[in-house]
Amino acid sequence: MAKLNNLSLEEKLHRKYENIYTGIFEDADIASKWVAGEIAALIKEKAGKNETCVLGLATGSSPIGVYKELVHLHQTQGLSFKNVVTFNLDEYYPMTPDRQQSYVYFMHEHLFDHIDIPSENINIPDGTKAVHEIYEFCQAYEQKIQVFGGLDLQILGIGRTGHIGFNEPGSSLNSPTRLISLDSITIADAAGDFYSIENVPTRAITMGIETIMAAKRIILMAWGEKKATVIKEAVEGPIVDHLPASYLQMHANVQFILDQPAASELTRIGWPWLVRECSWDDKLEKKATAWLCQKLDKPILKLTNRDYNDTGLSGLLAERGSAYNINIKVFNSFQHTITGWPGGKPNESDKYRPERTEPFPKKVLVFSPHPDDDMFAMGGTLIRLVEQGHQVHVAYQTSGNIAVSDDDVILFVEFIKGFENEFNKDAKVQNEWVKHVKDFIKNKKPGDVDIEEVRKIKTLIRKGESTSAGRFVGIPDENIHFMNMPFYETGTIKKADLSNIDVQLVVDLMKEIKPHQIFAAGDLTDPHGTHRKCLNAITKALNILKDEAWIKNTWVWLYKGPWQELKLSEADMAVPLSPEELKKKRTAIFLHRTQKETLHPGHENKEIWRHIEERNIATAKIYDKLGMAEYEAMEVFAKYII
Ligand code: F6R
């Protein structure tokens, strides 16, 4: 892959905002295979010369696909790691290697246990050292890298703080391997792996920026929308110590390997008219016009020829003839996404509405990855669909049991015990069983997998909460489906791969209901996460069913989970909510009692419900600013073409 300075003039102009070479791949799997191919080629090249290949390795979700492919190459093509020496970037502190969250555990699970690397060639910072020993340990770690001639290739992920390794904002360019304090955003991001934020270590040992920068070649990987902003800043922004990844702009041989969502905020992808002549389709025209409104703080119908000309949109203007032509078309296009009738309005023309009038009422199937995503993302729309007389079904794809706290389990088992003592004195009191559960929780260490009884209780709690929330918005109990997709039931944060059994469950439910409308979480964030897998199961099921007669009459709408909102130019339906509906939505969310205080993964101190409420209000404000009617809040959806 080329470096920035080797590119043609035209390519350089396309990338004129970029200070680091970026390679954008269709998806994370394809990109991971490419990275693994580069590593394999380097190992072989070195082996051919009888040399040692020194690799700097990372943990986290980003390199998992790379390690999987390397294992595959070892198993199927005999790629040998005998000449490889590895140095991992970091380790939590304090941390013992036997804990599931340790990076030693991670590396063995994903790579080392499946390849032929000699164990003495593996180096990972030691989280068991006493504090006073760490300085010396770090010095020795650096020296050992030097003894092997330095890192031939360093693999990196990037944190949302812009950290590389665990070099958090503020790390200096000449920082060595050392003990550091983790940023609160990094701690919040790791909370899932440790089951709660309180269990996350606040410190780590990390290779320094200087150590990383000394590598002969660096590949940084980033997948998913949640990395898009930090990638833009690191690639296009100034070099600043509050964004350590921006230091990489100074490295002579670095590539950022991205999937499309992670690249989506780069200027050449998100705002292509700023770097080249575009071929204008309706979507791009809409996106550019909305961007112009926000940039100039003007509603669509007030944009002038000059506004388009002065801001890099003269190509669009020339093609469409006048600002007036563009404005009217884009205004109508936004206007026609707004509907208070998400299931279609009966007895009215649907020419300018996002949903069809017929059939009415519709059978609606709402897929929700966890038992609550439906309310968070589309509670207001659900309320409208039910009130407007549609037959609404909700399908909870996973049990969501991981997210219930042990305290809630204790509360419920004590209730069961009290209930038995109070009302069922003759029955054999279930003290033994209750004691078993309570003892387990008492002795449970952070990260221990729950015993089956505890998992079942947690599943039941979420089932009860979702049923009461569904009931509150008027969905009959028999229309609430709990799919318990098996890929989720590992008892740990790490989920299994999606299997045919998972997909078949979706196929069966779709066949049973034969919905006219499907709603699903369309999250591209977090490629290894539950939402993505749930969406994959749905798209696979739709593909299996594509020849069934009824599915030709099924429309699919995608909503976004808590991480990201749809870009407005991608929204094909916007459902306005009145202040009362917004309040009702909040009440429905609160019926998910054990979840309502869950913090938003991207905001340290904000609950998800609060974040989403603000997001719904912000969406309505943007529509208002574009010159549409002013609503209290809005939920938006993108149409998915089967
Ligand atoms: C891991 C590491 C971190 C991660 C970064 C991204 O060894 O040093 O810098 O690469 O936090 O993590 P993921 O890949 O999980 O998004």
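Bear in mind that the values here come from a model prediction, so they are computed numbers and not experimental data.

What counts as what
Residues numbered from 1 in each chain as written. Predicted model: local features only at pLDDT ≥ 70, side-chain atom pairs only at ≥ 80, totals over all residues. Heavy atoms only, no water. 1 Å grid on protein atoms, 1.4 Å probe; cavity = no way out; pocket = protein on both sides within 12 Å on 5 of 7 lines; lining within 4 Å. Points joined across faces, edges and corners; volume = space filled by probe spheres on them. Helix = DSSP H or I, 4+ residues; strand = E, 2+ residues; numbered from the N terminus. Nonpolar A, V, L, I, M, F, W, Y, C, P; charged D, E, K, R; others polar. Domains from an automatic or database assignment. Axes fitted to C-alpha atoms, helices over the stretch in contact; angles between N-to-C directions. Parallel < 35°, antiparallel > 145°, perpendicular 65-115°, else oblique. Contact = heavy atoms within 4.5 Å. Pairing = 2+ DSSP bridges. Core = buried A, V, L, I, M, F, W, Y, C linked by side-chain atoms within 4.5 Å. Buried < 20%, exposed > 50% of the residue type's maximum accessible area, 1.4 Å probe, protein only. Near = heavy atom within 4 Å. Polar contact = N/O pair within 3.5 Å; in protein donor to acceptor, adjacent residues only side chain to side chain. Areas by Shrake-Rupley, 256 points an atom, 1.4 Å probe, with all protein chains shown as cover.

S.K.: How do you make sense of empty space enclosed by the protein when you look at a structure like this?
M.R.: Regions of empty space are outlined by a rolling probe, equal in size to a water molecule, passed over the atoms. Scanning the model with the defined rule gives 4 cavities of 30 Å³ or more in all. Taken as a whole, the largest cavity spans an internal volume of roughly 60 Å³. If you go around the largest cavity, the residues you meet are Pro371, Tyr396, Thr398, Ser399, Thr459, Arg462, Lys463, Phe482, Met483 and Asn484. Here the lining of the largest cavity takes 3 residues from helix H18 (residues 452–472), the largest share from any one element. In terms of residue class, the lining of the largest cavity is made up of 4 nonpolar, 4 polar and 2 charged.

S.K.: What should I look at first to understand the domain arrangement of the chain in this one?
M.R.: By a widely used convention, the size of an interface equals the accessible area lost when the partners come together. The domain architecture assigned to the chain consists of domain 1 (2–268), domain 2 (278–335) and domain 3 (363–403 + 452–640). Relative to domain 2, the C-alpha centre of domain 1 lies at a distance of 41 Å.

S.K.: Where do I start with the packing of helix H17 (residues 431–443) against H18 in this structure?
M.R.: The relative placement of two packed helices comes down to the angle between their axes together with the axis-to-axis distance. Following both chains from N to C, one finds H17 and H18 inclined at 95°, their axes separated by 10 Å at the closest point. Of the possible angle classes, the one that applies to H17 and H18 is roughly perpendicular. In contact with Trp433, His436, Val437, Phe440 and Ile441 of H17, H18 contributes Glu453, Val454 and Ile457.

S.K.: Quick question: what am I supposed to make of the sheet that holds strand E16 (residues 573–577) here?
M.R.: Neighbouring strands of a sheet are bound in pairs by backbone hydrogen bonds; such pairs are parallel or else antiparallel. Reading across the sheet, the 7 strands line up as E13-E12-E11-E14-E15-E17-E16 and stay open at both edges, with mixed pairing between neighbours. Edge positions in the sheet fall to strand E13 (480–482) and E16, since each has one partner strand and no second. The average angle at which neighbouring strand axes cross in this sheet is 25°, direction not considered. Bridge count between strand E11 (residues 363–368) and strand E12 (residues 391–396): 6 bridges; the pairing is parallel. Within E12, the residue paired with Val364 across the bridge is Val392. Of the strands in this sheet, E11, E12, strand E14 (517–521), strand E15 (555–559), E16 and strand E17 (633–640) are in contact with helix H15 (residues 373–387), which crosses E17 at around 95°.

S.K.: Which parts of the structure should I look at to understand the nonpolar core?
M.R.: For soluble globular proteins, the rule of thumb is that nonpolar side chains tend to be buried together. Counting 39 residues, the largest nonpolar core has Ile231, Leu248 and Phe256 as the members making the most contacts within it. Put simply, the parts of the chain that give this core at least two residues each are strand E3 (84–88), helix H5 (131–147), helix H7 (209–213), strand E9 (218–222), helix H8 (228–236), strand E10 (254–259) and helix H9 (260–263). It is H5 that provides the largest number of residues to this core, a total of 5 residues. Among residues more than four places away in sequence, those in contact with Leu248 are Ile20, Leu156, Ile164, Met213, Ile218, Leu220, Val254 and Phe256.

S.K.: Any chance you could explain the site of the ligand here in plain terms?
M.R.: Neighbouring the ligand are 13 residues; Ser62, Asp90, His163, Gly165 and Lys227 lie closest to it. Within the contact set of the ligand, an oxygen atom lies 2.7 Å away from a backbone nitrogen or oxygen of Ser61. Between the ligand and His163 there is a distance of 2.6 Å, counted from an oxygen atom to a side-chain nitrogen or oxygen. When the free accessible area of the ligand is taken as 410 Å², the share hidden by the protein chains comes to 87%. Of the residues assigned to the shell around the ligand, the class counts are 3 nonpolar, 8 polar and 2 charged.

S.K.: I keep staring at the sheet that holds strand E1 (residues 21–25) and nothing clicks. Help me out?
M.R.: Strand order in the open sheet made by the 7 strands is E1-E10-E9-E6-E2-E3-E5, with parallel pairing throughout. Of all strands in the sheet, those bounded by a partner on one side alone are E1 and strand E5 (122–123). Here strand E6 (residues 153–156) runs beside E9; their pairing, made up of 3 bridges, is parallel. In the strand pairing of E9, Leu156 is matched with Leu220.

S.K.: Is there a simple way to explain the environment of Ser184 in this structure?
M.R.: Residue position: Ser184 is located in helix H6 (residues 184–190). With 304 residues separating them in the primary sequence, Ser184 and Tyr488 have C-alpha atoms 28 Å apart.

S.K.: Explanation requested: the packing of helix H11 (residues 282–296) against helix H14 (residues 323–335) in the structure shown.
M.R.: Contact geometry of H11 with H14 gives a least axis separation of 10 Å together with a crossing angle of 95°. The angle between H11 and H14 places the two elements in the roughly perpendicular class. Residue-level contacts link Asp282, Glu285, Lys286, Thr289 and Ala290 of H11 to Ile326, Lys329, Val330, Ser333 and Phe334 of H14. Its residues placed into classes, the contact of H11 with H14 shows 4 nonpolar, 2 polar and 4 charged.

S.K.: Is there a simple way to think about the pairing of E1 in this case?
M.R.: If a strand is regular, its side chains alternate between the two faces of the sheet. Most of E1 sits inside the fold, with 4 of its 5 residues counted as buried. In the sheet, E1 pairs with E10 via 5 bridges, with the strands oriented parallel. Directly across from Ile24, in E10, lies its bridge partner Leu258.

S.K.: Quick question: what am I supposed to make of unusual backbone geometry here?
M.R.: With the exception of glycine, the majority of residues adopt a negative phi angle, and the majority of peptide bonds are in the trans configuration. In this model, Tyr93 is joined to Pro94 through a cis peptide bond whose omega is -10°. Tracing the chain through its elements places Pro94 in the loop between strand E4 (90–93) and helix H4 (103–110). For Asn484, which is not glycine, the phi torsion reads 45° and is therefore positive. Along the chain, the position of Asn484 falls in the loop between E13 and helix H19 (500–513). A residue is classified by how much of its surface remains accessible, and Asn484, at 35% relative accessible area, is partly exposed. One non-glycine residue, Lys514, lies in positive phi territory at about 50°.

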